[in-house]
Amino acid sequence: MGKRVRLTDDSLNSHGSRVITAGVDIAQYERNPVLLYMHERGKVIGYMKDLKVENNEITGEPIFDCATELSKQCKKQWEIGSLRMVSIGIDIIELSEKEEHLVPGQTSPTITKSKIFETSIVDIGANDNAIVMRQNGRQITLGRDSENPLPLINYKPQITKQEMELKTIALQLGLPESADETTVLSKINELKGQEEETKKLKKEKEDLILSQVTGAVENAIKENRLTADKKEHFINLGKTIGLETLKTTLDAMSPAARLSATINQGSDPKSATDKTYSKMSEVPEEELKKMRQENPAEYKRLYKAEYGCECEI
């Protein structure tokens, strides 16, 4: 059984063009499936058998007639493997520069319609699907040193919305716009880790400040600078104005005087009451009358604490 070979497919060739398989007419060639050597007329070495067009490629089986020494030599080299490339000769019927027919890296129009006129065994092609083309009667050979008579195009693949978004995100992250998706995701995860660490440190700092503010307020309560019912108010105040300013404010507040120190000055300490008042309504009526006479300063303080204004007595 002979070797089935690919004659052509849809891939980009060495001249920056493509031959669309679906547009290749093989009907005429099937009537005379001549196999040449190096695309040279007069050097027929056999024929191409069992042409098939499928899966966006054209394949066939080269048969060497061994009618000439060249054919015998080519057959032997084909079997050994020193000759292994096959290419086709086509007549160009139609060219296209439409976006739908172009691929990245393409520099010449796509051959959308063509007709095979021969196939050849070649020694070195320009690529795996080397072909010979004819346009307006002129042969165009896709060989290593051949010229390209096809017009050039300036094709740049259209950037998709997703690719554009990826470029934008990359630039916003401080990466080059050429950064791939893996690099972008890695950078995002890195920044997320930094953000979480920042949040953690911020929370620890807030907890520490709250602890210090609470301690300062509780200490002021112990020193009778504040009453317990004002605790939450001054804690919230401390979170707003800061620990140092809060401490300054609390230090400026005088401790509340004990009643024993105001109405029983000079008396026996054992007979003095230890109760301390923060506002006038807390003082029993009899003690309040005595305070008004004996300790007007304390009376005024409690009056102001109760009503918010000065008392004139």
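Preceding this paragraph is the structure being described.
Residues numbered from 1 in each chain as written. Predicted model: local features only at pLDDT ≥ 70, side-chain atom pairs only at ≥ 80, totals over all residues. Heavy atoms only, no water.

Describe the pairing of strand E4 (residues 34–37), and please don't skip the residues or the numbers.
Burial of E4 is two-sided: the residues Val34 and Leu36 facing one way and the residues Leu35 and Tyr37 facing the other way are all buried. In this structure, the hairpin formed by E4 and strand E5 (residues 40–54) is closed by a connection of two residues, where Met38 is found at a positive phi of approximately 60 degrees. Two elements, E4 and strand E8 (residues 110–122), share three bridges in a ladder whose sense is parallel. Looking at E8, one finds that Tyr37 is bridged to Ile121. (Buried < 20%, exposed > 50% of the residue type's maximum accessible area, 1.4 Å probe, protein only. Helix = DSSP H or I, 4+ residues; strand = E, 2+ residues; numbered from the N terminus. Pairing = 2+ DSSP bridges.)

Could you give an account of helix H5 (residues 231–241), naming the residues involved and the relevant values?
In an α-helix, one full turn covers 3.6 residues, which means residues spaced three or four apart are oriented alike. The set of residues buried in H5 consists of Phe234, Ile235 and Gly238. One side of H5 holds all its buried residues, which, seen down the axis, span an arc of 105 degrees. Turned more than 90 degrees away from the buried face of H5, the exposed residues are Glu232, His233 and Thr240. Looking at the packing, one finds that the buried side of H5 touches helix H4 (181–222) and helix H6 (243–251). (Arc of directions from axis to C-beta. Contact = heavy atoms within 4.5 Å.)

Any chance you could break down the layout of surface pockets for me, citing the residues and the numbers?
Empty space within the largest pocket amounts to approximately 570 Å³. Residue lining of the largest pocket: 19 residues in total, with Arg225, Thr227, Ser278, Arg301 and Ala305 positioned closest to the centre. Partitioned by chemical class, the residues of the lining of the largest pocket number seven nonpolar, five polar and seven charged. (1 Å grid on protein atoms, 1.4 Å probe; cavity = no way out; pocket = protein on both sides within 12 Å on 5 of 7 lines; lining within 4 Å. Points joined across faces, edges and corners; volume = space filled by probe spheres on them. Nonpolar A, V, L, I, M, F, W, Y, C, P; charged D, E, K, R; others polar.)

Residue-level account of the nonpolar core, with values.
In terms of nonpolar packing, the biggest core is built from 25 residues, with Leu7, Ile116 and Ile121 touching the most fellow members. Mapped onto this core, the elements with two or more residues apiece are strand E1 (5–9), E4, E5, strand E6 (57–64), helix H2 (69–80), strand E7 (85–96) and E8. Listed in part, the ten residues of the second largest apolar core include Val213, Phe234, Ile235 and Leu250. (Core = buried A, V, L, I, M, F, W, Y, C linked by side-chain atoms within 4.5 Å.)

Could you give an account of the packing of aromatic side chains, naming the residues involved and the relevant values?
This model, assessed by the stated rule, comprises one aromatic pair. For the ring pair Phe64 and Trp78, a centre distance of 6.1 Å and an interplane angle of 55 degrees mean the geometry is tilted. Within this pair, whereas Phe64 is found in strand E6, its partner Trp78 is found in helix H2, the two being separated by 14 residues in sequence. (Phe/Tyr/Trp six-rings, centres within 6.5 Å; stacked < 30°, edge-to-face > 60°.)

Kindly report on the pattern of salt bridges, identifying the contributing residues and their values.
Throughout the structure, instances matching the rule amount to 14 salt bridges. Across the pair Glu69 and Lys72 runs a salt bridge whose closest N-O atoms are separated by 3.7 Å. Of this pair, Glu69 and Lys72 both sit in helix H2, three residues apart, roughly one helical turn. Relative accessible area serves as the criterion here: at 59%, Glu69 is assigned to the exposed category. (Salt bridge = Lys/Arg side-chain N within 4 Å of Asp/Glu carboxyl O.)

Account for the environment of Arg6, naming residues and giving values.
Residue position: Arg6 is located in strand E1. For the pair Arg6 and Ile88, spaced 82 residues apart in sequence, the C-alpha to C-alpha distance is 9.9 Å. Apart from residues lying up to four places away in sequence, Arg6 is in contact with Glu57, Ile58, Thr59 and Val86. One polar contact links Arg6 to Glu57, side chain to side chain, over a distance of 2.8 Å. (Polar contact = N/O pair within 3.5 Å; in protein donor to acceptor, adjacent residues only side chain to side chain.)

Purely geometric stuff here, so don't read any function into it on its own.
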